[in-house]
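# Structural overview
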Amino acid sequence: LKSETDFSAESDDFVALANDIAAAVASDGPSATDGFQSRIDDLKVTLKENIELGSVTHVTKADGQVVDTYVHVQDGRGVNGVITVLDGGTAELAHDISIHIAFTKPAYLTRDEVPQAAIDEERETLTEITRKEGKPEEALPKIVEGKLGGWFRDQVLMEQKFVRDEKQTIEKILGDAKLVKFEQVVIGS
C-alpha cells in the first residue's frame, strides 16, 4: 500500500488497511486484493492523499524449504525488504542471500528469466556505446558480447559475485541448496 507522505502511512486507518490486505494475501493469494479498492478509495478521501496498491506477491514455502527475510532500515523505517526461499541450505545462508539481494537489487533469478526484448535493447545500447568509443566495426560483436556478460552479472542474481566474498558467485555459495524464489520491495520505486 503506497502513500506519498509518512503522515498518511503512519495513520491508524492506513496501517489497519495495510494489515488487512496483507492478511488477505497471505491466506488467499494476490487476487485477494481485488476486494479492497473501495476501502483504498475511501482512505484517499479521508486522508486527502494519493494512496494506491503497489505490486503484490505471494511467497509460499514447501516442506523442507528455508525462508528468510531482511529489512533494511534507514532513518527508523524499512526502505528495502527481501524474502528468500531456499530448497535445502540453512537459515543463515538464506539470510546472507537476502542481505546480498538488498544490496545488489538483482532483477532476475536466472538468465532464462530475462526477457529477450530487454537483452536486445541492452545489446543495441552497448553496440552504440562501443561504436562511439571508436572500436573497429569487425570487433563490435565480440566486445558487445563481453559487455553483455557484465550486464547479466548485474541483473541476474545467480551470476552475481557474493558481496561478502567476491571470489564466489551466488550460485557457488549455494552449494547443494537451490534458490527457489526471491522477492524485493524497495520504497520509492
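Up top is the structure these notes are about.
Below you will find a few notes about this structure.

What counts, and at which threshold
Residues numbered from 1 in each chain as written. Predicted model: local features only at pLDDT ≥ 70, side-chain atom pairs only at ≥ 80, totals over all residues. Heavy atoms only, no water. Helix = DSSP H or I, 4+ residues; strand = E, 2+ residues; numbered from the N terminus. Rg over C-alpha atoms; globule rule 2.2 N^0.38 Å. Buried < 20%, exposed > 50% of the residue type's maximum accessible area, 1.4 Å probe, protein only. Contact = heavy atoms within 4.5 Å. Areas by Shrake-Rupley, 256 points an atom, 1.4 Å probe, with all protein chains shown as cover. Salt bridge = Lys/Arg side-chain N within 4 Å of Asp/Glu carboxyl O. Expected span 1.5 Å × (residues − 1). Pairing = 2+ DSSP bridges. Axes fitted to C-alpha atoms, helices over the stretch in contact; angles between N-to-C directions. Parallel < 35°, antiparallel > 145°, perpendicular 65-115°, else oblique. Left-handed = near helix turned anticlockwise from the far one by under 90°. Nonpolar A, V, L, I, M, F, W, Y, C, P; charged D, E, K, R; others polar.

Counting its regular elements, the protein contains seven helices and five strands. Secondary structure elements of the protein occur, N-terminal to C-terminal, as α-α-α-β-β-α-α-α-β-β-α-β. Relative to the 2.2 N^0.38 estimate, which gives 16 Å for 189 residues, the radius of gyration of the protein is 21 Å and therefore markedly larger than a compact globule would have. Seen through its C-alpha atoms, the protein measures out along the principal axes to roughly 65 × 40 × 35 Å. When burial is assessed residue by residue, the protein has 32% of its 189 residues classed as buried. Long-range contacts, defined here as pairs at least 24 residues apart, represent 57% of the contacts in the protein between residues at least 6 apart. A total accessible area of about 11,600 Å² is found for the protein, and carbon and sulfur atoms account for 49% of it.

With that settled, consider the pattern of salt bridges. One pass over the full model with this rule turns up eleven salt bridges. Glu52 is the partner of Lys2 in a salt bridge, and the nearest nitrogen-oxygen pair spans 3.5 Å. One end of the pair, Lys2, is in the segment before helix 1 (6-9); the other, Glu52, is in the loop between helix 3 (37-47) and strand 1 (65-74), and 50 residues separate them in sequence. Its salt-bridge partner being Glu137, residue Arg131 comes within 2.6 Å of it at the nearest N-O pair. Arg131 gets classed as partly exposed once you look at its relative accessible area, which sits at 34%.

Let's shift gears to helix 6 (residues 140-155). In an α-helix, one turn spans 3.6 residues; hence positions three or four apart end up facing the same way. Spanning 16 residues, helix 6 covers 22 Å between terminal C-alpha atoms, matching the ideal 22 Å at 1.5 Å per step. What helix 6 keeps buried is the set Leu140, Val144, Leu148, Gly149, Trp151 and Phe152. On the buried face of helix 6, the contacting elements are helix 5 (116-132).

The next thing to look at is the sheet that holds strand 2 (residues 77-87). Pairing is antiparallel across the open sheet formed by three strands, whose spatial order is 1-2-5. Where the open sheet ends on each side, the last strands, each with one partner, are strand 1 and strand 5 (178-186). Each strand of the sheet is rotated relative to its neighbour by a mean of 15°, with strand direction disregarded. Examined bridge by bridge, strand 2 and strand 5 share eight bridges and lie antiparallel to one another.

With their axes 11 Å apart at the nearest point, helix 2 (residues 12-28) and helix 3 run at an angle of 165° to one another. Our classification of the angle between helix 2 and helix 3 gives roughly antiparallel. With respect to the hand of their crossing, helix 2 and helix 3 are arranged in left-handed fashion. Contacts between helix 2 and helix 3 involve Asp13, Phe14, Ala16, Leu17, Asp20 and Ile21 from the former and Arg39, Ile40, Leu43, Thr46 and Leu47 from the latter. In terms of residue class, the contact of helix 2 with helix 3 is built from seven nonpolar, one polar and three charged.

Where helix 5 meets helix 6, the axes come as close as 9 Å, and the angle between the chain directions of the two elements is 125°. Here helix 5 is positioned oblique relative to helix 6, judged by the angle of their axes. Pair helix 5 / helix 6 crosses with right-handed handedness. Contacts between helix 5 and helix 6 pair Ala118, Ile119, Glu122, Arg123, Leu126, Thr127, Ile129, Thr130 and Arg131 from the former with Leu140, Ile143, Val144, Glu145, Lys147, Leu148, Trp151 and Phe152 from the latter. Broken down by class, the residue content of the contact of helix 5 with helix 6 amounts to ten nonpolar, two polar and five charged.

A few words now on the pairing of strand 2. Strand direction decides the pairing type here: strand 1 and strand 2, joined by ten bridges, are antiparallel. If you follow His72 over to strand 2, its bridge partner there is Asn80. Here strand 1 folds back onto strand 2, and the loop between the two strands holds two residues, one of which, Asp75, carries a positive phi near 55°.

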